[in-house]
Amino acid sequence: MIKIKLCELMGREKMTRKKLSELTGIRPNTIGDLYREDIKKIDLHILDKICEVFECEIADLLEYVPNTTKENEEDVL
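Note that the structure is a prediction, hence the values are computed from the model and not measured. Position labels on residues start from 1 in each chain and follow its written sequence. Given that this is a predicted model, residues contribute local features only at a pLDDT of at least 70 and side-chain atom pairs are listed and counted only at 80 or more, while totals for whole chains, interfaces and linings are drawn from all residues. Side-chain metrics rest on all non-hydrogen atoms present in the structure, leaving aside hydrogens and water.

## Side note on the nonpolar core
Definition in use: Among the buried residues, those of types Ala, Val, Leu, Ile, Met, Phe, Trp, Tyr and Cys that are joined through side-chain atoms within 4.5 Å form a nonpolar core. Each residue gets one of three labels from its accessible area relative to the maximum for its type: buried under 20%, exposed over 50%, partly exposed in between, using a 1.4 Å probe on protein chains only. Each helix is a run of DSSP H or I of at least 4 residues and each strand a run of E of at least 2, with the numbering of both proceeding from the N terminus.
With 16 residues, the main nonpolar core has Leu 6, Leu 20, Leu 34, Ile 50, Phe 54 and Leu 61 as its most contacted residues. At the level of secondary structure, the elements contributing two or more residues to this core comprise α1 (6-13), α3 (28-35) and α4 (44-54). In terms of residue count, α4 provides more of this core than any other element does, five residues in total.

## So, helix α2 (residues 17-24)
To keep it simple, the criterion reads: What the arc measures is the spread of directions leading from the helix axis to the C-beta atoms. Any two residues whose heavy atoms approach within 4.5 Å at even a single point are treated as in contact.
All of the buried residues in α2 are Leu 20, Ser 21 and Thr 24. One face of α2 carries all of its buried residues, which in axial projection span an arc of 100°. Opposite the packed face of α2, turned more than 90 degrees from it, sit the exposed residues Lys 18 and Glu 22. Tucked inside the fold, the buried residues of α2 contact α1, α3 and α4.

## Description of the side chain of Ser 21
Residue placement: Ser 21 occurs in helix α2. Leave out the neighbours within four places in its chain, and Ser 21 touches Ile 26, Arg 27, Pro 28 and Ile 31.

## As for the environment of Ile 4
Structurally, Ile 4 is set in strand β1 (residues 2-4). Along the sequence, Ile 4 and Ala 59 sit 55 residues apart, while their C-alpha atoms lie 9.7 Å from each other. For Ile 4, the contacting residues outside a window of four places in its chain are Leu 34, Glu 37, Ile 39, Ile 42, Leu 61 and Leu 62.

Spelled out as structure tokens, the structure:
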């Protein structure tokens with residue numbers, strides 16, 4: 001699975017979701033979904049804008065976490 005580390009980045013910078021929305025032009029609802037990791041896909045321009053604001057790499061924002069066997073079985077079904 002892919003872990004979205006936006007919450008960590010925002011916490012480190014003490015930035016609110018509203019402020020990030022203003023700086024990036026990304027809708028507040030989308031920022032909220034990313035913050036809660038409640039999103040199924042992310043457009044590249046969104047990743048670009050977030051990385052630009054935080055002056056970070058994609059790896060600072062996204063992390064691959066290997067799936068467990070049980071999760072893999074559920075995804076196949």
